[in-house]
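Fold and geometry: a report
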Amino acid sequence: MSQWTHLLKNLGIWEGSFTHFSNEGIKKSSVPSRVSLEGLDNNRTVSQVVQMLSADRQTVVSERNLRYQTLSRSILVFESGAFSQGSMQYGPFSDFGAELGFIWGDRRCRLVQLFDKDSQLSAFTLIREYRQGADTDDLHQLNARPLKIDDLVGDWRGTATTLYPDWSPDSEAVTQMVVQKEGDRLIETSTTSPATRQWHIRACPSVSATGSTTDSTPITLLEAGQASQQLRAILFPGGVMSTTPQIIPKREAFNLEATWYVTADHRQRMIRQYNHTGAWNALTLVDERRVV
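Residues numbered from 1 in each chain as written. Predicted model: local features only at pLDDT ≥ 70, side-chain atom pairs only at ≥ 80, totals over all residues. Heavy atoms only, no water.

Here's the deal with the overall build of the protein chain
When helices and strands are counted, the protein chain shows 3 helices and 19 strands. Rg of the C-alpha trace for the protein chain: 19 Å, near the compact-globule value of 19 Å for 292 residues, within the 12% margin. Principal-axis analysis of the C-alpha atoms places the extent of the protein chain at approximately 55 × 45 × 40 Å. Expressed as a percentage of the 292 residues in the protein chain, the buried residues total 51%. Computing the positive centroid from 30 side-chain charges and the negative centroid from 32, the protein chain places the two 3 Å apart. (Helix = DSSP H or I, 4+ residues; strand = E, 2+ residues; numbered from the N terminus. Rg over C-alpha atoms; globule rule 2.2 N^0.38 Å. Buried < 20%, exposed > 50% of the residue type's maximum accessible area, 1.4 Å probe, protein only. Lys, Arg positive; Asp, Glu negative; His and termini not counted. Charge placed at Lys NZ, Arg CZ, Asp CG, Glu CD.)

Shown next, in the form of structure tokens:
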């Protein structure tokens, strides 16, 4: 199927919210939202209406209307409808960032990661949505579910699909990642590169004794032993984790990554990969289940 056909998996009216966070994962604001994606002219055109709503969701505060007949080169879409769009080229002294969007049934989860003109991680926007008409009781609970350190631990196995912006053939691979907690560290052992990665666990003082996170109590993981490109992972509500460099490195390859825990034992990871020249060269979606 074509990229356009994959995009059509996102058709519908999506109720949710745009929640804005600082670069440290502190909640700044949250606005109710409604995003409508409608296929026109036998789905040859897609109309998108983005509405920001009042707190009671009864009044439209602002509205933006867009229409698409083709996809730009800055976006790639997987067969499931999951997608990423954003900067195709990193350059110093310019704003940089990307959106990584997941979809599963009647739920969508999108994370926007932004960097400032000094190449430093500056802000996040987390968009949690459900399709209008779905059974909302369970969906509300899943979208609000706090993410805990223990949610990350386990033997995760699945498949990775990689798309390329130069339209090279897609590639697939079998994956396995074992995540263990040892004291204040997490240790990841993977079949992909890097084979082993260690994280220091850092949490705000107000994090509960169970190690869970809410909109105002983020948990941060800092990569251990990486001098030139230290990574920061932040756990967000709704079962979401962001992994990025704290500062975009010069003349080094780097990734922007988001993980969505669809359920306790099912997660998806999306990795937007940039090469040493700062050019976007691949997008990977990993679908994994916890077996232990």
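Following the structure, the description resumes.
Brief notes about the sheet that holds strand E7 (residues 96–104)
Spatial ordering of the open sheet is given by E4-E3-E2-E1-E9-E8-E7-E6-E5, a layout of 9 strands whose pairing is antiparallel. Sheet topology places strand E4 (60–68) and strand E5 (75–77) at the edges, where each strand pairs with a single neighbour. Ignoring strand direction, the axes of neighbouring strands in this sheet form an average angle of 15°. As paired elements, strand E2 (residues 27–40) and strand E3 (residues 45–53) share 8 bridges and run antiparallel to each other. (Pairing = 2+ DSSP bridges. Axes fitted to C-alpha atoms, helices over the stretch in contact; angles between N-to-C directions.)

A look at the packing of aromatic side chains
Here the structure, examined in full by the defined rule, presents 10 aromatic pairs. Between Phe-96 and Phe-254, the ring centres sit 5.9 Å apart and the planes meet at 65°, which makes this aromatic pair edge-to-face. With Phe-96 in strand E7 and Phe-254 in strand E17 (residues 254–263), this pair connects stretches of sequence that are 158 residues apart. Each member of the pair Phe-96 and Phe-254 is classed as buried. Their ring planes at 65° and their centres at 5.2 Å tell us that Phe-96 and Tyr-274 sit as a pair that is edge-to-face. Here Phe-96, found in strand E7, pairs with Tyr-274, found in strand E18 (residues 266–274); they are 178 residues apart in sequence, far enough to count as distant. A relative accessible area of 4% places Phe-96 in the buried class. You can call Tyr-274 buried: its relative accessible area is 2%. (Phe/Tyr/Trp six-rings, centres within 6.5 Å; stacked < 30°, edge-to-face > 60°.)

Examining the confidence of the model for the protein chain
Here the protein chain averages 91 in pLDDT, while 91% of its residues score no lower than 70. Contacts for the low-pLDDT stretch residues 205–213, under 50 throughout, to residues beyond four places or in other chains number 22 contacts. (pLDDT = per-residue confidence, 0-100. Contact = heavy atoms within 4.5 Å.)

Focus: the pairing of strand E6 (residues 83–86)
Each regular strand carries side chains that alternate between the two faces of the sheet. Pairing geometry for E5 and E6, over 3 bridges, is antiparallel. Of the residues in E6, the one forming a bridge with Val-77 is Phe-83. What sits between the antiparallel neighbours E5 and E6 is a turn of 5 residues, in which Gly-81 has the positive phi angle 105°. Of the pairings in the sheet, the one linking E6 to E7 comprises 4 bridges and is antiparallel in character. Bridge assignment links Ser-84 to a residue of E7, and that residue is Leu-100.

Overview of the environment of Ala-55
Along the chain, Ala-55 falls in the loop between E3 and E4. Linking Ala-55 and Pro-32, residues 23 residues apart in sequence, is a C-alpha distance of 6.4 Å.

Remarks on unusual backbone geometry
Glycine aside, residues mostly have negative phi, and peptide bonds are mostly found in the trans state. Non-glycine residue Asp-41 carries a positive phi angle of around 50°. Inspection of the secondary structure puts Asp-41 in the loop between E2 and E3. Look at Asp-41 and you get partly exposed, because its relative accessible area is 47%. Positive phi values are uncommon outside glycine, yet Arg-57 reaches one of about 65°. Mapped onto the secondary structure, Arg-57 falls in the loop between E3 and E4.

Notes on the pattern of salt bridges
Enumeration over the complete set of coordinates arrives at 15 salt bridges. In this structure, Lys-117 engages Asp-95 in a salt bridge whose closest nitrogen and oxygen atoms are separated by 3.2 Å. Of this pair, Lys-117 sits in the loop between strand E8 (107–115) and strand E9 (121–131) while Asp-95 sits in the loop between E6 and E7; the two residues are 22 residues apart in sequence, bridging distant segments of the chain. Note that Arg-110 is salt-bridged to Glu-99, the shortest N-O span being 2.9 Å. You can see Arg-110 sitting in strand E8 and its partner Glu-99 sitting in strand E7, a full 11 residues away along the chain. Glu-99 shares its class with Arg-110; the two are buried. (Salt bridge = Lys/Arg side-chain N within 4 Å of Asp/Glu carboxyl O.)

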